[in-house]
Every structure is written in structure tokens, then in C-alpha cells.
Amino acid sequence: MRYLVTARVKPGRRAALDRAIDGGTLGEGSIAGDEYFRNMDVARELEDGRVQWVEVCYCSTPLAEERPYWEEYFDLVKVQDAHARSRCKDLNGTQSWACSDCDCTAKLEARLATKGRPFLDTLRPRK
């Protein structure tokens, strides 16, 4: 399933998050692997400071496995379905692991790309 995640970076955690991304340790030990880096690459920071991204998750409870890794740096404000559950091929049993190659959220991701600014641009200090 895909989820639209809305979060805020915890106070005082921006530099640590930047180091974890840059050093390749974000999500270290998670079965989600490189998904954390893909999420941050496409995340957008909105005018009010919230950060949004679309995340693929195969847990029966949204972000059950990923939550502790995200909560090290973010306060998760909202995690909502980004795709109708009835049409999710993985959830309805039509195709296992379908979310990996599915473009079910292409419109949402395209719309999200027009909002705010790229999160990594706002996270990293200007050099």
C-alpha cells in the first residue's frame, strides 16, 4: 500500500537527519532498505514547515516497521492512504508486492512535486 505521510522534523534533529541521509544510515537495520532515501529524495517541505512524501509500505498497520526509524527524526502528523485500498493489487491479492512497480500514485506524486520546495534543499545548509 502507498501512504501520504505528513510529518515535521523534530526540534533540533535536522542536522542529525542530514547526517543520517548523507552517511547512508537512515533506516539502518530496517527491512525497507533504500526506501527511506527514495522518500527523502522526493519529499517536499511545505510553507508551514510540514514535510510530505508518498511511502510504499507492506505492513498490515501503516508504517508499523518504519515508524521507529522515522520517529527518530520526525513527528508524524498524519499517515493516510494514498491509493484506494480496493484497487491495491497487493492488498486485494491480485499481485504480491505490486506496490514496488505500481504507478497508482503517479498523479499524487506529480501534484506533490509542485508543492513547497524539495525537502533536501531545505534540510541542508547552504554552502
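In what follows, the structure referred to is the one given above.
Residues numbered from 1 in each chain as written. Predicted model: local features only at pLDDT ≥ 70, side-chain atom pairs only at ≥ 80, totals over all residues. Heavy atoms only, no water.

Asks: I tried to follow the overall build of the chain on my own but got confused; where do I start?
Replies: If you tally the helices and strands in the chain, you get five helices and five strands. In the chain, the succession of α and β elements from N to C terminus is β-α-α-β-β-α-β-α-β-α. Here the chain, with 127 residues, has 39% of them falling under the buried criterion. Within the chain, residue pairs in contact and separated by at least 24 positions form 72% of the contacts whose partners lie at least 6 positions apart. (Helix = DSSP H or I, 4+ residues; strand = E, 2+ residues; numbered from the N terminus. Buried < 20%, exposed > 50% of the residue type's maximum accessible area, 1.4 Å probe, protein only. Contact = heavy atoms within 4.5 Å.)

Asks: Would you explain helix 2 (residues 35–42) in this entry?
Replies: Working note: α-helix, 3.6 residues per turn, so residues spaced by three or four point in the same direction. All buried positions along helix 2 are accounted for by Glu35, Tyr36, Phe37, Asn39 and Met40. On the buried face of helix 2, the contacting elements are helix 1 (14–22), strand 3 (51–56), helix 3 (67–71), strand 4 (74–81) and helix 5 (119–123).

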